[in-house]
Amino acid sequence: MTNSVSKSPVSETPAADPQTVADHFARKLAFETDCSDVNAAFAADKVDFVLLDVRSPALFALQHVPGAINLPHGKMTAHRMSQWPADTLFVVYCAGPHCNGADKAALRLSRLGLSVKLMIGGLTGWADEGYTFASGVETAA
């Protein structure tokens with residue numbers, strides 16, 4: 001009887017070489033951050049970005065990440081965004097992985113020539129981490 005081990009669905013496609021993997025994840029981290037890093041930045045008072053909740057004002061008023069400003073992606077114009085310095089890093093989020101509002105906001109901001117990262121997980125991720133929420137109105141001027 002031969003001792004042949006069949007490959008699992010995981011290893012059926014070989015893993016990339018380590019340098020290719022490193023390049024991939026370095027690029028990926030240039031596009032996104034997570035709830036834990038955003039929370040840590042606020043907790044340490046090292047907030048070097050503007051956190052934008054891109055959902056509707058009504059949803060924002062009910063619940064949002066503390067420190068976030070409400071600015072729906074449809075309201076992101078060159079004029080509106082000029083209230084911040086050109087080198088500002090924006091971090092955008094929406095309801096969660098089932099929502100593409102943050103993706104639309106990131107696309108809009110990047111097309112305006114602005115630096116942007118997506119907070120992966122959005123409100124769903126924030127809740128999953130056990131972080132508290134704020135409520136009320138804090139909109140961009």
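Structure shown above.
Throughout this document, residue positions are counted from 1 along each chain, in the order its sequence is written. The predicted origin of the model limits local features to residues at a pLDDT of at least 70 and limits the giving and counting of side-chain atom pairs to 80 or more, whereas totals for whole chains, interfaces and linings rest on all residues. Only hydrogens and water are set aside when side-chain values are computed; all heavy atoms of the structure are taken into account.

Student: What am I meant to see in the overall build of the protein chain here?
Tutor: Looking only at helices and strands, the protein chain has six helices and five strands in total. Over its C-alpha trace the protein chain gives a radius of gyration of 19 Å, far above what one expects of a compact globule, namely 14 Å for 141 residues. Reported as C-alpha extents along the three principal axes, the dimensions of the protein chain are approximately 75 × 30 × 30 Å. Burial statistics for the protein chain: of 141 residues in total, 31% are counted as buried. The criterion used for residue contact is that any of the two residues' heavy atoms lie within 4.5 Å. The long-range fraction of contacts in the protein chain, counting pairs at least 24 apart against all pairs at least 6 apart in sequence, stands at 70%. Only DSSP runs of H or I reaching four residues or more are called helices, and only runs of E reaching two or more are called strands; each is numbered from the N terminus. Throughout, the radius of gyration refers to the C-alpha atoms, and the reference size of a globule is 2.2 Å times the residue count to the power 0.38. For every residue, the accessible area obtained with a 1.4 Å probe (protein chains only) is divided by the maximum for its type, and the residue is called buried under 20%, exposed over 50%, and partly exposed between those limits.

Student: Help me understand the sheet that holds strand 4 (residues 89-93) in this model?
Tutor: The strands that make up a sheet pair up through hydrogen bonds in the backbone, lying either parallel or antiparallel. Note on pairing: DSSP must find at least two bridges between two strands before they are called paired. As summarised here, the arrangement of the five strands in space is 1-5-4-2-3, forming an open sheet in which the pairing is parallel. Two strands bound the open sheet, and with one partner strand each, they are strand 1 (32-34) and strand 3 (69-70). By the bridge criterion, two bridges tie strand 2 (residues 50-53) to strand 3 in an arrangement that is parallel. Residue pairing for strand 3: L52 is matched across the bridge by I69. To define axes, lines are fitted to C-alpha atoms, for helices over the stretch in contact only, and angles between the resulting N-to-C directions are given on a 0 to 180 degree scale. Contacting strand 2, strand 4 and strand 5 (115-120), helix 5 (residues 101-111) runs over the sheet at an angle of about 155 degrees to strand 4.

Student: Is there a simple way to think about the pattern of salt bridges in this case?
Tutor: Between side chains of opposite charge, a pair can form when the charged atoms approach closely. The term salt bridge refers to a side-chain nitrogen of Lys or Arg lying within 4 Å of a carboxyl oxygen of Asp or Glu. One pass over the structure, following the stated rule, counts two salt bridges. As a salt-bridge pair, E32 and K28 come within 4.0 Å of each other at their nearest N and O atoms. The exposure class of E32 is buried, given its relative accessible area of 17%. Overall, the relative accessible area of 37% leaves K28 in the partly exposed class. A salt bridge links R55 to D53, with the nearest nitrogen and oxygen atoms 2.8 Å apart. Judged by relative accessible area, D53 falls into the buried class, the value being 0%.

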